[in-house]
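A structural walkthrough
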Amino acid sequence: MTSRVKARIRKKDTKPERLLRRALWHAGLRYRLHSKELPGRPDIVFRGERLAVFVDGDFWHGRDWEERRERLANGTNADYWLAKIRYNRERDRRNDIELGQLGWRVLRIWESEIRGDLGVCVERVRRVLRESR
């Protein structure tokens, strides 16, 4: 992968993340962004309720991993991509555990869920926030 291509890959403020943030804001839910002091730098943080929300890209975080792994294994540069996504998934699990040990709840939402039914995603966040109170 060239540097030019890598430079275009966003770590934050992706379109699905912006869509979810806008919908949460319109629903009256107030949050902070990309908290540097928390493991994994959650995309959206509700401090009072200690809820960390991550918007995970389907490819980069290995949605439908069994199926995706097979397709990647048969593609170009298979070893690199399999290792990269496997590492991302392991890192996500470590961050979830660390956040839990710090007393935070973690909610991970797939980009395709946001694109598919944004209202359901907002309701999931709302439900977890209600359970936190």
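See the structure printed just above.
A brief structural summary. (Residues numbered from 1 in each chain as written. Predicted model: local features only at pLDDT ≥ 70, side-chain atom pairs only at ≥ 80, totals over all residues. Heavy atoms only, no water.)

Further remarks concern the nonpolar core. Of all hydrophobic cores here, the largest spans 18 residues; its most connected members are Leu20, Leu24, Phe46, Leu51, Val53, Ile109 and Val125. When residues of this core are traced back to their parent elements, those giving at least two are helix H2 (15-26), strand E2 (44-46), strand E3 (51-56), strand E4 (105-110) and helix H6 (118-132). At 5 residues, H6 tops the list of elements feeding residues into this core. In this structure, Val53 is in contact with Leu20, Pro42, Asp43, Ile44, Phe46, Leu107 and Ile109, ignoring residues within four places of it in sequence. (Core = buried A, V, L, I, M, F, W, Y, C linked by side-chain atoms within 4.5 Å. Buried < 20%, exposed > 50% of the residue type's maximum accessible area, 1.4 Å probe, protein only. Helix = DSSP H or I, 4+ residues; strand = E, 2+ residues; numbered from the N terminus. Contact = heavy atoms within 4.5 Å.)

Considered for burial, the residues of helix H3 (residues 65-73) that qualify are Trp65, Arg68 and Leu72. Angular distribution of buried residues about the axis of H3 spans 65°; they occupy a single face of the element. The exposed set on the far side of H3, more than 90 degrees from its buried face, consists of Glu66, Glu67 and Glu70. Of the surrounding elements, those touching the buried residues of H3 are helix H4 (78-101). (Arc of directions from axis to C-beta.)

Residue position: Asp56 is located in strand E3. Accessibility expressed as a relative area gives 5% for Asp56, which makes it buried. In this structure Asp56 touches His61, Asp92, Arg108, Ile109, Trp110 and Glu111, once residues within four positions along its chain are discounted.

This paragraph deals with the sheet that holds E2. Spatial strand order, E1-E2-E3-E4: 4 strands in an open sheet with mixed pairing. Of all the strands in the sheet, the pair left with one neighbour each is strand E1 (32-33) and E4. The pairing of E2 with E3 spans 3 bridges and is antiparallel. The residue of E3 that forms the bridge with Phe46 is Leu51. Docked against the sheet, H4 engages E3 and E4, running at close to 150° with respect to E4. Helix-sheet contacts for H6 involve E2, E3 and E4, and the interaxial angle to E4 is about 175°. (Pairing = 2+ DSSP bridges. Axes fitted to C-alpha atoms, helices over the stretch in contact; angles between N-to-C directions.)

Here we come to the packing of H3 against H4. At a minimum axis distance of 8 Å, the contact between H3 and H4 shows a crossing angle of 155°. Regarding the angle of H3 to H4, the classification is roughly antiparallel. On H4, the residues touching Trp65, Arg69, Leu72 and Ala73 of H3 are Ala78, Trp81, Leu82, Ile85, Arg86 and Arg89. Each residue belonging to the contact of H3 with H4 can be placed in one class, and the counts come to 7 nonpolar, no polar and 3 charged. (Parallel < 35°, antiparallel > 145°, perpendicular 65-115°, else oblique. Nonpolar A, V, L, I, M, F, W, Y, C, P; charged D, E, K, R; others polar.)

Despite not being glycine, Asp64 shows a phi value in the positive range, around 50°. As for its position among the elements, Asp64 is in the loop between E3 and H3. We note that Asn77 has phi near 55°; this positive angle belongs to a residue other than glycine. Along the polypeptide, Asn77 turns up in the loop between H3 and H4. With a relative accessible area of 46%, Asn77 lands in the partly exposed category.

Quick look at the pattern of salt bridges now. Note on pairing: side chains with opposite charge can pair once their charged atoms come close. Tallied over the full model, the rule gives 13 salt bridges. Put simply, Asp56, Arg91, Asp92, Asp96 and Arg108 are held in one network by salt bridges that share partners. (Salt bridge = Lys/Arg side-chain N within 4 Å of Asp/Glu carboxyl O.)

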